[in-house]
Each structure stands twice: as structure tokens, then as C-alpha cells.
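# Architecture and fold: a report
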Protein chains: 2
Amino acid sequence: MASFDLSPPSGTRDFLPEDAKARERVMRTIKDVFERYGFGPLETPAFERIEILTGKYGDEGDKLIFKILKRGEKAALGEVDFTLRYDLTVPLARVVGEYRHKLGAIWKRYQIAPVWRADRPAKGRFREFYQCDVDVIGAKGPVADAEVLLAVGEALATVGLPGFTIKLNSRNVLRGLMEAYGIAAEQQKATLIGLDKLDKMSLDDVMKELEGAGIAAASISALAADIGAADPAARVRDRVAGNATGALGLAEVDALYALVAPTLAGGAIKFEPFLARGLDYYTGQVFEVAAPGLNSSIASGGRYDGLVGMFSKDAVPACGGSLGLDRILLLLDEKAGARPPLGIPQVVVAVWDEAARGASLKLASDVRATGASVEVFAGDGDIGKQLKYAVGKQARVALIVGPDEAAKGLVQVKDLASKGQQQVPRAEVAAAVAALLAAK
Amino acid sequence: MASFDLSPPSGTRDFLPEDAKARERVMRTIKDVFERYGFGPLETPAFERIEILTGKYGDEGDKLIFKILKRGEKAALGEVDFTLRYDLTVPLARVVGEYRHKLGAIWKRYQIAPVWRADRPAKGRFREFYQCDVDVIGAKGPVADAEVLLAVGEALATVGLPGFTIKLNSRNVLRGLMEAYGIAAEQQKATLIGLDKLDKMSLDDVMKELEGAGIAAASISALAADIGAADPAARVRDRVAGNATGALGLAEVDALYALVAPTLAGGAIKFEPFLARGLDYYTGQVFEVAAPGLNSSIASGGRYDGLVGMFSKDAVPACGGSLGLDRILLLLDEKAGARPPLGIPQVVVAVWDEAARGASLKLASDVRATGASVEVFAGDGDIGKQLKYAVGKQARVALIVGPDEAAKGLVQVKDLASKGQQQVPRAEVAAAVAALLAAK
């Protein structure tokens, strides 16, 4: 054996069956909710042509894109043609550009898939992680935004994480605010980047960053006073009342709030006037979802009416939201404690001796036809060892056909939980096992 | 808009909802069969450290591995650290080496996931495609091999492709044969590679290749005579009867056949004495599954008792099989003709005017609670346009609340198939829609 490092690459993970099953269960639940909201599934390749991705995520983002070397002689030159998918939104924008005529005026899609970022791995930060995205393409109005928020909220409540808070804002509120503070257009991007760090850094440190970015002291102190106010939302409403962009933003937030709040179940929604969201491409409402027990957000999204137009002849309005699968699983694990048994296999068929192999495989096949998960013992060892194996795998039932039983057409059915056992006629074994498994 | 090529990278595909849904349906069916056979799910990263993959697939295979550039300054040097997964078997061997102590003496896992190969794209050959693998780790005997073959067969029958034939052989039959033909040990690999091409090339062309590889004329003519015989299996049985390796191979094939044939449903199994399989790592039984209407194989696998030992302190016996998802979908599409409607959304809730948005969202939410897929119309346009939209999306039902109906607490329920419509009290709409959808 060569001395390899056998762990998965730094920032990626192997999921053994218990974990893989838990992840799959949550993904299926989220899928089902998304489909009930009228979103259809989309699959895109793991990698994209390099020109599709670069320039979409800002300078910091571009550095985190995994690049794939060309094949053959070009490899030696270090040339790159493909990049691993960094998120699911830019591939969606490409897909809309490519298939616009097929998709209809309004198109609702979901995608649950891994993305890759060459970030420095840290607790809860991975280089390979799953996003669960819903987006509505082609709709300008707040009904689409409302359905995104309701779908995200229902997905969280359905997987078992009620009690969340949707924090809602609009980029237009922020633009109006910056106008009111007298922050020049060319400094607004730096201000947004600073505000986006408010959940990770202290107010003082963020303000120092803005100072460093050359923003006027008067602007900064007005901003800091509003953020630190007892009721920031009321302060912001006053602050932007007289400016058209700010008033538009407030109207967006209020209209969306009015649509979502009466129907939202399992959580709350509130106006969060300094919520910025990091990504460049948002144009209207933006949101983040906070869940009890988690410092970072569990879902986020917004309206991005400009992005699809980068890949399409026309500007196409769009909005969407994204759930973080890993954070959901983290919270569910903390809540539930130990995982339930995998349930694979539920039944182990012991093999008495070499001559009994065929009959054991046939017996397994008959029990499997009822829907049970059945494994025929495939190793070496006597019946005692085989029963131990079945217990180790957390199987519920073991089936044994010894020569005496075989002669009488009987099968020994062992309930591994109660330790009870019964001799059952061969033709009735499948039903007997089904009854044991149903009894739980 | 920049003038990008918006198609997915050559050899990869986008799957729009109809296709993505069909793929998911087949994957779920295969998963369910695998789990009923006692295989648990495994997930591994999309990429592996480069030293894990290289040297495992032969020279030709190594050239087809996608390589990922290091980040930061190393990128400029063209240095590579990771490679995209080329199959699911080598990552499995790594996982067994890493977690052996956790997995138990025998471990059955399945994995359904994409793999990437920088092959020249062609009809039916992709650079990103899914494999559906089952493997049994730690078991020497034919029971494990039998369960793999039965699981693969049942998966094919259950997705709707009965009528398959499992072609079975053993590497030991081939080794015995080559010994009988007097082919030297160092020429056996070239001979296996040649035999593996028999399903794509004529017998003459394969024999010419073997000639080119320096194999003696007498060996080649004996081989060609056996392949071309009326009953090659009988010829091979005679040919290897007197040699220990060949006799061992025949015993392996016969034992496995005897275990599988009586239980296998939906297909047949037969001895195919010249079946070689391309991959280096097989040591015992090998198989390929032929399906009616397909020239290439739809599934394949075998026993590889040496591979896991490359990543582990001990030699660990192993066997497995792999289904090709794309070929399965191709055959299913040819069989079924047109796809059934997506079923997303089943119901479209029309929005009478701006004031009705909130009530429409609430109505959608109530109908959704019965499990239906419901979309609230999010675009612009009068009720006529909205109904046209619903028909275009192949929805079954449209719901309309006009001002008159709203005043009376009624909802108009339109059956888009029969064109019938009824006015239903608001509280009874969810049940009325459920009844319509159940009526099909």
C-alpha cells in the first residue's frame, strides 16, 4: 500500500450512509415543497466555460473559482477553459439566455446541487457545499418575490426548523439612504460592502472601514446614529421620506411584507433597513433568513433584474432565494440529537452452509418484494457470527433456515429487538416479516 | 449583452424540467431497489487529490482525467492538485481505506453521481455522465456477486427495461484460455484489451490487432476458431478443462450462475467466455448486461480483489456493478415516446387585479396544503392571458376570484382539460381541486 493521504480534499467531505441518508431526506423534503410552489427542476453541468463565470462575483469571488486545465498539449501551457460552478444563479442566467424561447414568459425553476469555492476551509465553511435555489424568471411584480419568500419559509418549517425570521430590505432603500447621507455614487459600493459585514463585525469596526474607504465623517456619523437607534426602521423611514429612490424602496418592502405576512407560516418577517447582501447583482428587494441557534443566515436572496441580461438580448426581470443545506443539517442534528437507525438492511438472511446459498437468495428476494430492505449474509462464519453481524447492522429481523427447518418447509424468524423467535412456514415468511417491521 | 457561447460546455448537458424530472424518477427507482438489497448511500467529493486517481485507469484513462489548477500564485505555474472524479470505484476504494474500522466486516454501498471524462464527445458519449454503482466490500464468496447481479437486474426490470441478458465470465477463464493458447504472461494484457473490442470491431480486425501486438499466429488462429465456433462456450470448456486457472474460472462462473439464474426476474443470464471488460483491476467474475435495442452494454461490473488494497493495509475483497443512467433514459424514451406532462404546476391561481394579490397567495397556500403543485400567476395580463398561460404550462386547474365572486365568498374553479367550470365556496376549494386532480 502506498502511503496516501486518504482523507477527502481539504474543505470537502465524505458522507457515509447515515449522513448521506439524512441529507437525502432533507433534500427530498425541500424538493417537494419547491415543486408544490410550481418550481420545476433544472440540472446544469458541474463546470462552465470560463468566460461565463468570471467577472460575475466581484474580485474576491473571482479568486475563489476552481479552474480546470485544458487537456493534451495545452495542459503544459497552464491554459484553462472550464471553471467549476461557483453558484447556481449565473448558470441559471446562461440557461435562460440559451433557451429563452422554450421557457415561456415566466419560468420558475429550482436547483439543488453542489457548488465549489476555493475558500479557506473553516468550521462550517466548505469548498464543496450544496445550494437549494428557487428563482422566478420573467416576472417584475411582487407576487413572484412573495412566492419565493413563502416557498423558502415553508421549506424551513417543513424540514423541521420553524421559528425563523425573514429580514427584508430593498437595495432602493439603501440607495435612498446613501443619497440622504450624501454618500457619492462611486462610494456606494464600498458602503454596501461595509454594511454587509454588520452581522460579523462590530458597528465601530464597520465605520472604521468606511472611513478608510474615504467616506465623509458627517455621512458616517449619521449612518452610525441610525444603525444604533432604538428603532432603526422608523429612523430610516423618516430619513428617506423626501427622496424618490428611498420612497420607492420603502414601497417595495411594504408591498412585499403585506403579501407575505398573512400567509407565512412557521416564522416571522420584518423590515431590516441596513441589510445589504454581498452580491453585486441585486437590484430590488433583498432578504436573509435568521434561524434560532445560528449566527449566520440559513437562507438568502433577492431581486436581480440585470443579471440575465448579461446573457440575453433583452433585460429579463428575475428574483430568487437560496437555502444552505449544510446549515439546515447542522441545526437539525443539534435539535434531534442521535440519528435514527439507517434502516438498511432491515432484514438479514443467514446462510446455513454453502448448499443453502441459493435458497437464502430466493428467500431474500421474496421478502424484498414486500418493500423491505434485505441483505443475504455474504461473509464467512457460523450462525452465531451472522446474528451478531445482523445486530451490528441494526437490522430488525434475522431469517435462518437450518437443515431441520428446511426439511419441514419452515423458516426461523428472529425479532432482533424483542429477541423473540418463531418458526414460520416458508410461504408465509414475507408476510410475517412485513408484520414485524410494521409493528415497529 | 456580450456575445458568449451560451451552450453548455462540449460533452455536457443542461436538463430542463421535463428531462430533469424523468432523470430523477429513474434515479429514485434505482435507489429504492438498491436500498431494498441492503446497499446504503455514499457521497464523495466531486474531486480527489491527484495522486488518488492517477495510475488507476491505464494510460488511456489517465489522459482523460480533468485536472484542477492550484489557486493563487501556484496557478501561474500550471500546478495541479485535484482531479475530477473519473469513476465511483476508486473514490470508494479510498473511502474504504480511510474508514475501514467504521464500516464493519462487510459493507454494501451504492452511489449515484456524475463522473467526468475528457473523452471526445460523440453520440451517446458525454464528458459528464451519471453512474449508478453498487459494491460489496469485504466478502470473498459468490453470495455477494450474486446480490450485485440480482440488484442490477431488478433495477433494470423495475425502471421498465426487462428482457436484458447478463453476460457472465471470469478473468480466470480468460487467463486459463490464454495459457491454453500459449500466450505469454506479458502479452495477456494486450490480448484482453483486444478481446474487449469484440463488440465494436470485427473478429478479423481484432485478430489483426493481436498480430500487431506480437502474438503468435498459432495462438491467434486457435483463439479465432474458438470465438467463431457454433458453440464457443462448449469449445472453451473443453479447451481449459486441463488447466487449473481455467477450471477455477469455470467453477466461479458455474457457481454464480447457479445462484443467480433461479431468482433472477425480468432477464436472462448466460456464460460469455470471451467477455473481457476493459478495466485493469478485475480479478474474478466480470459481467456486462445487454438490453434489447442497444449496441453497447447498459450495465457492467465484476470482482476486483486487489483495488482496495492499494489504499488499505490489508487486501480487501470486493465486487460491484454499475448501471449507465444515460443509456437507461435513452431506451426508456424510445419505448415510451412522448413524456407525460411535468405536473408542475397542476394549478394556476389567476390574479384579478393588484388588490387581489394577497388573497390569491392565500388561496394558493390552502390548495398547496393538500399536496398539489400550485403557482400564483406572477406576470402582467388580463384573465384571458392568464388562462392561456395556465394552458401553456399544462396545468389541470385554474382558480379565479373576480370581485363578484369575492363578494359572495366564492371561487371559480376551471377544469382546463374538460373546459368545465364551477363556483365553489372559498372554504371548499382545496377539496374540490384535490377531487379534480385525483379524477385524473
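Refer to the preceding data block for the structure.
These numbers come from a predicted model, not from an experiment.

### A look at the overall build of chain A
Each helix and strand counted, chain A has 17 helices and 16 strands in total. For chain A, the C-alpha atoms occupy an extent of roughly 95 × 60 × 45 Å along the three principal directions. Evaluated residue by residue, chain A yields a buried proportion of 56% over its 440 residues. Long-range contacts, defined here as pairs at least 24 residues apart, represent 67% of the contacts in chain A between residues at least 6 apart. For chain A, the exposed area adds up to about 17,600 Å²; of that, 54% sits on carbon and sulfur atoms. Across chain A, the mean location of the 55 positive side-chain charges is 2 Å away from that of the 56 negative side-chain charges.

### Structural notes on the sheet that holds strand β16 (residues 421–425) of chain B
Residues and elements named next belong to chain B. The strand order β13-β12-β14-β15-β16 describes an open sheet built from five strands, whose pairing is mixed. Only two strands of the sheet have a single neighbouring strand rather than two, namely β13 (374–376) and β16. Neighbour to neighbour, the strand axes of the sheet diverge by 25° on average, direction disregarded. The pairing of strand β14 (residues 397–400) with strand β15 (residues 410–415) spans four bridges and is classified as antiparallel. Across the sheet, the residue bridging to Leu-399 is Val-413, located in β15. Packed onto the sheet, helix α14 (residues 357–368) meets β12 (347–349), β13, β14 and β15 and runs at close to 175° relative to β13.

### Quick word on the pattern of salt bridges
The final tally for this structure, using the stated rule, is 57 salt bridges over all chains. A salt bridge links Arg-23 of chain B to Glu-43 of chain A; the shortest N-O distance between them is 3.2 Å. Of this pair, Arg-23 of chain B sits in helix α1 (residues 17–36) while Glu-43 of chain A sits in the loop between β1 (40–41) and β2 (47–49), placing the two residues on different chains. Assigned by exposure class, Arg-23 of chain B and Glu-43 of chain A land together as buried. One network of salt bridges, in which partners are shared, links Lys-21, Glu-24 and Arg-28 of chain A together with Lys-31 and Glu-35 of chain B.

### Considering the interface of chain A and chain B
Taken together, the contact between chain A and chain B spans 105 residues of the former and 105 residues of the latter. Both faces combined, the contact of chain A with chain B buries some 8,700 Å², and carbon together with sulfur accounts for 60% of it. The largest share of the area that chain A buries against chain B comes from Leu-6, Arg-36 and Glu-43 of chain A, three residues that together contribute 8% of it. Counting across the chain A and chain B interface gives 14 salt bridges. Between Arg-368 of chain B and Glu-147 of chain A there is a salt bridge, with its nearest N and O atoms 2.7 Å apart. There are 38 residue pairs in polar contact (both at pLDDT 80 or more) connecting chain A and chain B. Of the residues forming the side of chain A that touches chain B, the biggest block, 11 residues, is contributed by helix α1 (residues 17–36) of chain A. In the side of chain A that touches chain B, the residues fall into 54 nonpolar, 17 polar and 34 charged.

### Notes on the packing of aromatic side chains
Evaluated as defined, the whole model comprises 16 aromatic pairs over all chains. Ring plane angle 55° and centroid distance 5.6 Å describe the contact between Tyr-281 of chain A and Tyr-304 of chain A, whose orientation is recorded as tilted. Here Tyr-281 of chain A is found in the loop between β8 (267–271) and β9 (285–290), whereas its partner Tyr-304 of chain A is found in the loop between β10 (299–303) and β11 (318–324), with 23 residues between them in sequence. Aromatic pair Phe-34 of chain B and Phe-39 of chain B: ring centres 6.5 Å apart, planes at 65°, arrangement edge-to-face. A relative accessible area of 0% means that Phe-39 of chain B is categorised as buried. Each residue in the set Phe-34, Phe-39 and Tyr-110 of chain A is aromatic and connected to the rest through ring pairs, giving one cluster. Over the aromatic face of Tyr-37 of chain A sits the side chain of Arg-368 of chain B, whose NZ or CZ is 3.5 Å from the ring centroid.

### Focus on the packing of helix α7 (residues 171–181) of chain B against helix α12 (residues 244–260) of chain B
Residue and element names in this part refer to chain B. Where α7 contacts α12, the axes come no closer than 7 Å and their chain directions differ by 150°. Judged on the interaxial angle alone, α12 and α7 are roughly antiparallel. Remark: the crossing between α7 and α12 carries left-handed chirality. Contact with α7, carried on its side by Asn-172, Val-173, Arg-175, Gly-176 and Glu-179, involves Thr-245, Gly-246, Leu-248, Gly-249, Leu-250, Glu-252 and Val-253 of α12 and no other residues of that element. Its residues assigned to classes, the contact of α7 with α12 comprises four nonpolar, five polar and three charged.

### As for the relation of the copies chain A and chain B
Taken as rigid bodies, chain A and chain B are interconverted by a rotation of 180° and an axial shift of 0.0 Å, the fit giving an RMSD of 0.0 Å. When the rotation and shift are considered jointly, the pair of chain copies conforms to a two-fold rotation axis. Interface overlap between copies is the fraction of interface residues in one copy that are interface residues in the other; for chain A against chain B it reaches 100%, indicating a shared surface.

### Some thoughts on unusual backbone geometry
Residue and element names in this part refer to chain A. In this model, Ile-344 is joined to Pro-345 through a cis peptide bond whose omega is -5°. Looking at the element boundaries, Pro-345 is found in the loop between α13 (325–336) and β12 (347–349). Its identity is not glycine, yet Gln-394 carries a phi of approximately 60°, on the positive side. Here Gln-394 lies in the loop between α15 (383–392) and β14 (397–400). Even without a glycine there, the phi angle at Lys-419 is positive, about 65°. With respect to the helices and strands, Lys-419 occurs in the loop between β15 (410–415) and β16 (421–425). Residue Lys-419 is classed as exposed on the basis of its relative accessible area, which comes to 66%.

Rules behind the numbers
Residues numbered from 1 in each chain as written. Chains lettered and ligands numbered in written order. Predicted model: local features only at pLDDT ≥ 70, side-chain atom pairs only at ≥ 80, totals over all residues. Heavy atoms only, no water. Helix = DSSP H or I, 4+ residues; strand = E, 2+ residues; numbered from the N terminus. Buried < 20%, exposed > 50% of the residue type's maximum accessible area, 1.4 Å probe, protein only. Contact = heavy atoms within 4.5 Å. Areas by Shrake-Rupley, 256 points an atom, 1.4 Å probe, with all protein chains shown as cover. Lys, Arg positive; Asp, Glu negative; His and termini not counted. Charge placed at Lys NZ, Arg CZ, Asp CG, Glu CD. Pairing = 2+ DSSP bridges. Axes fitted to C-alpha atoms, helices over the stretch in contact; angles between N-to-C directions. Salt bridge = Lys/Arg side-chain N within 4 Å of Asp/Glu carboxyl O. Buried area = accessible area lost by both parts, 1.4 Å probe. Polar contact = N/O pair within 3.5 Å; in protein donor to acceptor, adjacent residues only side chain to side chain. Nonpolar A, V, L, I, M, F, W, Y, C, P; charged D, E, K, R; others polar. Phe/Tyr/Trp six-rings, centres within 6.5 Å; stacked < 30°, edge-to-face > 60°. Lys NZ or Arg CZ within 6 Å of the ring centre and 35° of its normal. Parallel < 35°, antiparallel > 145°, perpendicular 65-115°, else oblique. Left-handed = near helix turned anticlockwise from the far one by under 90°. Least-squares fit on C-alpha atoms with pLDDT ≥ 70 in both.

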